[in-house]
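Okay, here's what each chain looks like letter by letter:
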Amino acid sequence: MSIRYNADSNTFILETRNTSYLMKVSRYGNLLHLYYGERIPDENLDYLIKVQDRGFSPNPNEAGNDRTFSLDYLAQEYSTDGKGDYRVPSMEVMNGDGSQIFSGKVDGFKIYKGKYTIKEMPSLHATARDRVDTLEVRLKDQESGAVAVLCYSVFEGKNIITRSTRFVNEGTCAMRLLKIMSATVDYKDSDYDMVYFSGRHTMEREFNRIPVRSGVHAIGSTRGTSSHQQNPFLILCEKGAGEDHGRCYGYSLIYSGNFIMETERDQFGQVRVNGGINPKGFNFLVSPGETFTAPEMVLAFSSHGFTGLTHLYHDIYRENLSRSPYIKKARPVLINSWEAAYFDFDEEKILNIAREAVGMGVDLFVLDDGWFGKRDDDNSGLGDWKVNRKKLKNGISGLSEEIHKLGLQFGIWIEPEMVSEDSDLYRKHPDWCLKVPGRPMSRGRNQLVLDLSRRDVCDYLVQVVNDLLSDARIEYVKWDMNRSISDVWSGLLPADRQGETSHRYILGLYYVMDEIILKHPEIIFCGCSGGGGRYDGAMLYYQPQIWCSDNTDAKARLKIQYGTSFAYPVCTLESHVSVCPNHQTGRVTPIETRGMVAMDGVLGYELDSTRLSQEEKAVCRDQIRFYKKHYKLIAEGDYYRLSSPYENPYFTAWQHVSKDKKKSLVSLVLTDKESNDAQRYVKLKGLDRNAMYKIEGQKERYSGAVLMYAGIPVPTELKEYEGVQFCLKMV
Ligand code: DGJ
């Protein structure tokens, strides 16, 4: 078993191949955090718990006259609240008597083989090859009957520990859950930086690194989605940590709605990390006998820097997260109509684009927004998922047949969670969207959000989308979501339960996705929320790929894809070649570079192929051939960031290395060209230092050691935004 309870020291010991995680039951029953980090021998760590009389640190009643025991400074596994711990709490509950106290003491535990399950939300699963054990510890507040069941599953070989918390009301009065974190980890020391990924629409997941300073720093979303603005992924690392060295802890939340990740450095320099559903606007009534489950947090530890952490997340997310069989299959190279035509198309135009794309080697045509209802711009039509015959005279099935005759697969865009006021659906069911009666509602992109906290609305969507999918041959669906949620209020919940709406929306969304996406394993679903506004583990459970950003500019994408790569595997990141000047930035980059950047993900095209020159089409053809040849390496290999676009203004480079280290693909884009430039070098990573490698197309051989430690010169003849890409093979 990778989990043990040592009854002599009252310690729980969780072990993966390279990490240990220890917690201890205090003499008063509190669960104290002891250690998380490199694997350590089985020794008693009691000496780490130092108690002392601290001014203004209250002592719990059970400590009697002992003024040294205080929850104000002890490292806890899941904090108490209202009993003298003033740091950001793991849980806030309002008891039946109005008090806001949770004093959870260990009240039993169980250890079992296999992974705990979360019924209503996505979570990791164990494959037949994984050794996974689970610990559930009950922390009970005896006075109120509130119970927090802390769940830990240990993926031994993958060096991952998942956590979730179940709140159970074992009391006699209804309780209000005001905050519930999926995980808390208390560090006894101070010297940490936090790394997180913030951004905005068309510029997602920008890399941030700041020291953890005194006080609380929170990142999160209250937009109803995991958001463009902050991603539910946080790294806590020691000061000197970098790509290849240093201790780093990863926190990745499998949740698509409002989330929070808090770090707090307290008065004694200790650091607490909390992560879970954002408490803002959250207020969940839990009646006696009822349970509330928090989403899953995936914890990883690496003593080999960010790269080590990235490999842990990439491996587990490729193997143990997605329910789509496509996660393991080569994805078709697609061409998407959005930047090619926006809303302005008819069947002929679409077929012409598709026809030209065949010659480029494309496999799949995706019809984006504008094919349904009254939808000539983005002000109307959402909700009416019936084809617009003025644009597509033979309907979706007719178009799909024609596309298939060309030898292409067919895909379609939908945005099921939304409704336009100018739509038949809204006219029929104005009460089906989120809005507060008596208050003028806010619009986003001139659209409203359907109330997915209602089962009737969800069931309607399941029916409509499943009908659409059965009416035509559809092999790919792009599932979009184009506004931040506001005016949160549900017509079916009583006033005192409105604080449940945002979370119930997300549960409704997962229900809809269960009933549509999981019922169609033969279709590739691509996640999208105005690009990467919902790029999170829960969406990857349903959708093997996500449209990473509405920004298709190759230079901007270097940063966006760099940030995305820290937690999310390359084979989940959809990326397209578009035209220049780029529609978002106006920048002009060579088509070769656009291809190189787009194949650092799931390659696609988003342009009017009828307007490409013969030369450009030939370049695209070569790109697709090259990408398909190296797909396995790109999708299944280990990923290395060779330089940071935030630190190195001159070039951005990255590398894919096969697991057996026999093949590697190196890509580099020159991001700033200076006259009479310095000779720069790029040092490769992940190779076998003792093996010899040959660069494809060249005669010379170099050892892995030379390529990694001496490096390769960056060609000075490269012009700005040009790049190089080459393959290495072990000889
Ligand atoms: C936002 C998406 O990110 C775009 O790719 C496109 O599908 C538009 N929505 C369509 O409205």
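To start, this report covers the structure provided alongside it. Just so we're clear, the structure is a prediction, and the values are computed from it rather than from any experiment.

Rules used throughout
- Residues numbered from 1 in each chain as written.
- Predicted model: local features only at pLDDT ≥ 70, side-chain atom pairs only at ≥ 80, totals over all residues.
- Heavy atoms only, no water.
- Near = heavy atom within 4 Å.
- Polar contact = N/O pair within 3.5 Å; in protein donor to acceptor, adjacent residues only side chain to side chain.
- Areas by Shrake-Rupley, 256 points an atom, 1.4 Å probe, with all protein chains shown as cover.
- Nonpolar A, V, L, I, M, F, W, Y, C, P; charged D, E, K, R; others polar.
- Core = buried A, V, L, I, M, F, W, Y, C linked by side-chain atoms within 4.5 Å.
- Buried < 20%, exposed > 50% of the residue type's maximum accessible area, 1.4 Å probe, protein only.
- Helix = DSSP H or I, 4+ residues; strand = E, 2+ residues; numbered from the N terminus.
- Contact = heavy atoms within 4.5 Å.
- Pairing = 2+ DSSP bridges.
- Axes fitted to C-alpha atoms, helices over the stretch in contact; angles between N-to-C directions.
- Parallel < 35°, antiparallel > 145°, perpendicular 65-115°, else oblique.
- Left-handed = near helix turned anticlockwise from the far one by under 90°.
- Expected span 1.5 Å × (residues − 1).
- Salt bridge = Lys/Arg side-chain N within 4 Å of Asp/Glu carboxyl O.

Remarks on the site of the ligand
At step 1: Around the ligand, the surrounding shell holds 13 residues, and the nearest of these are Asp368, Asp369, Lys478, Asp480 and Asp550.
At step 2: In this structure, an oxygen atom belonging to the ligand sits 2.6 Å away from a side-chain N or O atom of Asp369.
At step 3: At 3.4 Å from a nitrogen atom of the ligand is found a side-chain nitrogen or oxygen belonging to Asn482.
At step 4: Protein contacts shield 98% of the accessible area of the ligand, which totals 290 Å² for the unbound molecule.
At step 5: In terms of residue class, the shell around the ligand is made up of 4 nonpolar, 3 polar and 6 charged.

Structural notes on the nonpolar core
At step 1: Counting residues in each nonpolar core, the largest one holds 192 residues, and the members touching the most others are Trp371 and Tyr605.
At step 2: By residue number, the principal contributor to this core is strand S8 (residues 146-155), which donates 9 residues.
At step 3: If near-sequence neighbours (up to four positions away) are discounted, Trp371 is found in contact with Phe345, Trp385, Lys386, Val387, Asn388, Leu392, Ile396, Ile412, Trp413, Ile414 and Leu468.
At step 4: Of all hydrophobic cores here, the second largest spans 21 residues; its members include Phe651, Val657, Leu687 and Tyr693.

Observations concerning helix H4 (residues 395-405)
Structural remark: α-helix, 3.6 residues per turn; residues separated by three or four positions point the same way.
At step 1: Listing the buried residues of H4 in full gives Gly395, Ile396, Gly398, Leu399, Ser400, Ile403 and His404.
At step 2: Buried-residue contacts for H4 involve helix H3 (347-360), strand S22 (364-367) and strand S23 (409-414).
At step 3: One or two steps after H4, the chain reaches Gly407, where phi turns positive at roughly 95°.

Thoughts on the side chain of Asp600
At step 1: Among the structural elements, Asp600 can be located in the loop between helix H10 (591-598) and strand S30 (602-605).
At step 2: The contact partners of Asp600, leaving out residues within four places of it in the chain, are Gln561, Val570, Leu573, Tyr639, Trp654 and His656.

Thoughts on the sheet that holds strand S2 (residues 11-15)
At step 1: One open sheet accounts for 4 strands, arranged S1-S2-S3-S4; its pairing is antiparallel. At either end of the open sheet lies a strand with only one pairing partner, and these are strand S1 (3-6) and strand S4 (31-38). Between one strand and the next, the sheet's axes are offset by a mean angle of 15°, whatever the strand orientation.
At step 2: Here 4 bridges tie S1 to S2, and the two strands are oriented antiparallel to one another. Pairing of Asn6 across the sheet is with Thr11, part of S2.

Overview of the packing of helix H9 (residues 554-565) against H10
At step 1: At their nearest, the axes of H9 and H10 sit 10 Å apart, and the two run at 15° to each other. Comparing their axes, H10 and H9 come out roughly parallel. Handedness of the crossing formed by H9 with H10: left-handed. Across the interface between the two elements, Ala554, Arg557, Leu558 and Gln561 from H9 touch Thr593, Arg594 and Val597 from H10.
At step 2: Counted by class, the contact of H9 with H10 contains 3 nonpolar, 2 polar and 2 charged residues.

Topic: the pairing of strand S10 (residues 175-187)
On a regular strand, each side chain points to the face opposite its neighbour's, so the side chains alternate between the two faces of the sheet.
At step 1: Buried residues dominate S10, accounting for 13 of its 13 residues.
At step 2: Relative to S10, strand S5 (residues 91-94) runs antiparallel, the two being bridged by 4 bridges. Within S10, the residue paired with Met94 across the bridge is Arg176.
At step 3: Pairing of S10 with strand S18 (residues 284-286) involves 3 bridges; the strand directions are antiparallel. Within S18, the residue paired with Met175 across the bridge is Val286.

A short note on the side chain of Thr134
At step 1: Locating Thr134 in the fold gives a position in strand S7 (residues 132-140).
At step 2: The exposure class of Thr134 is buried, given its relative accessible area of 0%.
At step 3: Only 2.5 Å separates the side chain of Thr134 from the backbone oxygen of Gly114, close enough to count as a polar contact.
At step 4: In this structure the side chain of Thr134 is engaged in a polar contact, spanning 3.3 Å, whose partner is the backbone nitrogen of Tyr116.
At step 5: What Thr134 contacts, discounting residues up to four positions off in sequence, is Ile3, Lys110, Ile111, Tyr112, Gly114, Lys115, Tyr116, Tyr152 and Ser153.

Quick look at the packing of helix H6 (residues 455-471) against helix H7 (residues 501-516)
Angle between the axes and distance between the axes: these two values describe a pair of packed helices.
At step 1: Close contact between H6 and H7 brings their axes to 9 Å; oriented N to C, the two are set at 30°. On the basis of the axis angle, H6 is roughly parallel to H7. Here H6 and H7 pass one another in a crossing that is right-handed. Note on element contacts: H7 touches H6 through Gly508, Tyr511, Val512, Glu515 and Ile516, opposite Arg455, Cys458, Asp459, Leu461, Val462, Val465, Asn466 and Leu469.
At step 2: Grouping the amino acids of the contact of H6 with H7 by side-chain chemistry returns 8 nonpolar, 2 polar and 3 charged.

A short note on the sheet that holds strand S33 (residues 663-670)
At step 1: Pairing within the open sheet is antiparallel, and its 6 strands lie in the order S31-S32-S33-S38-S35-S36. With partners counted over all chains shown, the strands left at the sheet margins are strand S31 (638-641) and strand S36 (701-703), one partner each. The average angle at which neighbouring strand axes cross in this sheet is 25°, direction not considered.
At step 2: With respect to the sheet, H10 is in contact with strand S32 (651-657), S33 and strand S38 (723-730), its orientation differing from that of S33 by roughly 130°.

Remarks on helix H1 (residues 305-320)
At step 1: Taking 1.5 Å of rise per residue, the 16 residues of H1 would be expected to cover 22 Å, and the 23 Å separating its terminal C-alpha atoms lies within 8% of that figure.
At step 2: Of all 16 residues that make up H1, 14 are buried, and the element is covered over most of its length.

What about the pattern of salt bridges?
At step 1: Using the criterion set out here, one finds 59 salt bridges in the structure.
At step 2: Between Lys158 and Asp130 there is a salt bridge, with its nearest N and O atoms 2.7 Å apart. You can see Lys158 sitting in the loop between S8 and strand S9 (160-169) and its partner Asp130 sitting in the loop between strand S6 (105-113) and S7, a full 28 residues away along the chain.
At step 3: Overall, Lys158 belongs to the buried group, its relative accessible area being 15%.
At step 4: Assessed through its relative accessible area of 17%, Asp130 is described here as buried.
At step 5: Across the pair Lys349 and Asp344 runs a salt bridge, and its minimum N-O distance is 3.9 Å.
At step 6: Classification of Asp344 by relative accessible area gives exposed; the value is 54%.
At step 7: Overlapping salt bridges, with partners in common, bring together Asp85, Arg87, Asp186, Asp266 and Arg272 in one network.

From the geometry alone we can't say anything about function, so treat these as descriptive.
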